[in-house]
Amino acid sequence: MADKSDVRYKAGEAAGHAQVKKDEVMDGARDAAQQAGGYAQHAGEQMKNMAQGAADAVKNAVGMGGNTTTTKH
């Protein structure tokens, strides 16, 4: 039968392994969240640019675009 010090040692060892595993999982989750945030920001910028392009196309189609040039004949 194991003595108390051996049981305490094994319990401490198990707790240490659990702490390391928890830290690994937390680091992985943090990295995933940061990466997802980067993807979301990029997607948001693309949506904004597409909306601006669509708005500019409508303005140009109805003659309200600011980048049209007229030439006198």
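Residues numbered from 1 in each chain as written. Predicted model: local features only at pLDDT ≥ 70, side-chain atom pairs only at ≥ 80, totals over all residues. Heavy atoms only, no water.

A. Expanded view of the overall build of the protein chain. Per the secondary structure count, the protein chain includes one helix and zero strands. Counting only residues that meet the buried cut, the protein chain has 1% of its 73 residues in that class. Per element, the accessible surface of the protein chain, about 6,600 Å² overall, is 60% carbon and sulfur. (Helix = DSSP H or I, 4+ residues; strand = E, 2+ residues; numbered from the N terminus. Buried < 20%, exposed > 50% of the residue type's maximum accessible area, 1.4 Å probe, protein only. Areas by Shrake-Rupley, 256 points an atom, 1.4 Å probe, with all protein chains shown as cover.)

B. Examining a nonpolar patch on the surface more closely. Together, Val-58, Val-62 and Met-64 give the surface a local cluster of nonpolar side chains, amounting to about 330 Å² of exposed area. Note that Val-62 resides in the segment after helix H1 (4-61). Accessibility expressed as a relative area gives 56% for Val-62, which makes it exposed. (Patch = residues over 30% accessible without salt bridge, like charges linked within 9 Å, V, L, I, M, F, W, Y side chains within 5 Å. Salt bridge = Lys/Arg side-chain N within 4 Å of Asp/Glu carboxyl O.)

C. Here's a closer look at H1. Taking 1.5 Å as the rise per residue, H1 with 58 residues should run 86 Å; its terminal C-alpha atoms sit 85 Å apart, in good agreement. Positive backbone phi, approximately 80°, marks Gly-63, located one or two places after H1. (Expected span 1.5 Å × (residues − 1).)

D. Quick peek at the pattern of salt bridges. Counting across every chain of the model gives two salt bridges. We note a salt bridge from Lys-22 to Asp-23, for which the minimum N-O separation is 3.6 Å. Residue classification places Lys-22 among the partly exposed positions, given a relative accessible area of 44%. Note that Arg-30 is salt-bridged to Asp-27, the shortest N-O span being 2.8 Å.

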